[in-house]
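# Architecture and fold: a report
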Amino acid sequence: SDGHGFQLRRTQSGENVTGFYASKRQISWRNLADAVQGLQRDLGATLIIADTPQTASALSFYLPHNPFVYVESEPNVITHFDFWPGYAQSASPNDSALFIGHSTNPAHPAAVPSADIVKNFASVTPVEDPPLPDFDKSWHIWNCQNFIGSGGQTAGEVQTNPMRDSDALPAK
């Protein structure tokens, strides 16, 4: 275990399996990807946005055709996802998304989608009963319908702001 609820173990066949704890039981990334795939199909979501790079990477790996999974940006945190276009630069008008949040602390539920996500979609509502095992209530999924763009702009009108190496450096 890495101290954050994630565990890497080797199966008898020699395959590496990464999972995460939910109390004393764990659900695999593949199970989460299967649930997200079903929701994506049922709700018509074309985009997937995760709250952490770990979740985005695992979903991208385990979902069919390895789609790009976007990560919600956090202030003062830079990850490799910040060097790629965000969902707002990639979305088409009326695209829909799933936002996946995770909490490793039962006393603190997963963060809700940011104000930017709420502003960029016509409707953002929690998925009340996501198709996940009953023992794991640490995952929260939101249905983000009809991308309208930042401040009402359509996706084609949203300006991209490429990050330069110097932008990633801390201010002196």
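Here's a quick rundown of the structure. Keep in mind that this is a model prediction, so the values were computed, not measured.

## Thoughts on the packing of aromatic side chains
By the definition in use, this model includes 10 aromatic pairs. Following the ring pairs from residue to residue traces out a cluster consisting of Phe 68, Tyr 70, Phe 81 and Trp 84.

## So, the environment of Pro 53
Tracing the backbone through its elements, the reader meets Pro 53 in helix α2 (residues 53-62). Through-space distance from the C-alpha of Pro 53 to that of Ser 73 is 9.6 Å; in sequence the pair is 20 residues apart.

## Notes on the packing of helix α1 (residues 29-43) against α2
Viewed as axis vectors pointing N to C, α1 and α2 meet at an angle of 75°, and their least axial separation amounts to 9 Å. When the axis of α1 is compared with that of α2, the two are roughly perpendicular. For the pair formed by α1 and α2, the contact residues are Trp 29, Arg 30, Leu 32, Ala 33 and Val 36 on the first element and Gln 54, Thr 55, Ala 58, Leu 59 and Tyr 62 on the second. For the contact of α1 with α2, the residue count by class is seven nonpolar, two polar and one charged.

## Describing the sheet that holds strand β5 (residues 70-71)
Sheet strands associate in pairs through backbone hydrogen bonding, adopting either a parallel or an antiparallel arrangement. One open sheet holds the five strands; their spatial order is β5-β4-β6-β8-β7, and the pairing between them is mixed. Taken across any chain shown, the strands that pair with only one partner, and hence form the sheet edges, are β5 and β7 (121-126). As defined by bridge partners, β7 adjoins strand β8 (residues 139-147) across five bridges and the pair is classed as antiparallel. Across the sheet, residue Phe 121 finds its bridge partner in β8, namely Phe 147.

## With respect to the side chain of His 102
For His 102, the location among the structural elements is in strand β6 (residues 97-102). For His 102, a relative accessible area of 16% corresponds to the buried category. For His 102, the side chain forms a polar contact with the side chain of Ser 138, separated by 3.2 Å.

## So, the pairing of strand β4 (residues 47-50)
Both faces of β4 are covered, namely the face carrying Leu 47 and Ile 49 and the face carrying Ile 48 and Ala 50. Inspection of the sheet shows β4 paired to β6 by four bridges, in the parallel sense. Bridging from a neighbouring strand, Leu 47 pairs with Ala 97 of β6. The pairing of β4 with β5 spans two bridges and is classified as parallel. Among the inter-strand pairings, Ile 49 is bridged to a residue of β5, identified as Tyr 70.

## A closer look at the pattern of salt bridges
Considering all chains together, one arrives at two salt bridges under this definition. When the shortest N-O distance is used, the salt bridge between Arg 41 and Asp 42 registers 3.8 Å. As far as burial versus exposure is concerned, Arg 41 and Asp 42 are alike and both exposed. A salt bridge links Lys 119 to Asp 116, with the shortest nitrogen-to-oxygen separation between them at 3.6 Å. Placement of the pair is Lys 119 and Asp 116 together in helix α4 (residues 115-120), with a separation of three residues, close to one helical turn. Look at Lys 119 and you get partly exposed, because its relative accessible area is 40%.

Analysis parameters
- Residues numbered from 1 in each chain as written.
- Predicted model: local features only at pLDDT ≥ 70, side-chain atom pairs only at ≥ 80, totals over all residues.
- Heavy atoms only, no water.
- Phe/Tyr/Trp six-rings, centres within 6.5 Å; stacked < 30°, edge-to-face > 60°.
- Helix = DSSP H or I, 4+ residues; strand = E, 2+ residues; numbered from the N terminus.
- Axes fitted to C-alpha atoms, helices over the stretch in contact; angles between N-to-C directions.
- Parallel < 35°, antiparallel > 145°, perpendicular 65-115°, else oblique.
- Contact = heavy atoms within 4.5 Å.
- Nonpolar A, V, L, I, M, F, W, Y, C, P; charged D, E, K, R; others polar.
- Pairing = 2+ DSSP bridges.
- Buried < 20%, exposed > 50% of the residue type's maximum accessible area, 1.4 Å probe, protein only.
- Polar contact = N/O pair within 3.5 Å; in protein donor to acceptor, adjacent residues only side chain to side chain.
- Salt bridge = Lys/Arg side-chain N within 4 Å of Asp/Glu carboxyl O.

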